[in-house]
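Each chain is listed here by its residues.
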Amino acid sequence: MGHDIKLDPAIERWAHLRENTHLYFGWNKRNTRRSIVWLAVVPIGLTALAYATQNKWNFAASQTKAEMNNEKPQ
């Protein structure tokens, strides 16, 4: 039981590289750019979006579009 398992060499290579990423990783232009985007630009952009849309809509107990957009119902 379990002796007939065939190992896929591609999966084994991928697993080895994934487990030993710290040995193969090196900082270059591409890695630096991606790190800056994911560690700085994305959080800053999401924060700006959150502040821009804060109190713009009220989803709590809104029954009409006017209530959701904080407009006075007619």
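For the structure itself, look to the data block above.
Below you will find a few notes about this structure. This structure is a prediction, so every number in the text was calculated from the model and none was measured.

1. Notes on the packing of aromatic side chains
Following the criterion strictly, the structure yields one aromatic pair and no others. Ring geometry for Phe25 against Trp27: centres 5.1 Å apart, planes inclined by 85 degrees, an arrangement best described as edge-to-face. With a relative accessible area of 44%, Phe25 lands in the partly exposed category. Of the residues examined, Trp27 reaches a relative accessible area of 60% and is grouped as exposed.

2. Quick notes on the side chain of Asn31
Topologically, Asn31 is positioned in helix α3 (residues 29-53). Within the local environment of Asn31, its side chain forms a polar contact with the backbone oxygen of Gly26, the two atoms lying 2.6 Å apart. When near neighbours in sequence (up to four residues on either side) are disregarded, Asn31 contacts Phe25 and Gly26.

Cut-off values and rules
Residues numbered from 1 in each chain as written. Predicted model: local features only at pLDDT ≥ 70, side-chain atom pairs only at ≥ 80, totals over all residues. Heavy atoms only, no water. Phe/Tyr/Trp six-rings, centres within 6.5 Å; stacked < 30°, edge-to-face > 60°. Buried < 20%, exposed > 50% of the residue type's maximum accessible area, 1.4 Å probe, protein only. Helix = DSSP H or I, 4+ residues; strand = E, 2+ residues; numbered from the N terminus. Polar contact = N/O pair within 3.5 Å; in protein donor to acceptor, adjacent residues only side chain to side chain. Contact = heavy atoms within 4.5 Å.

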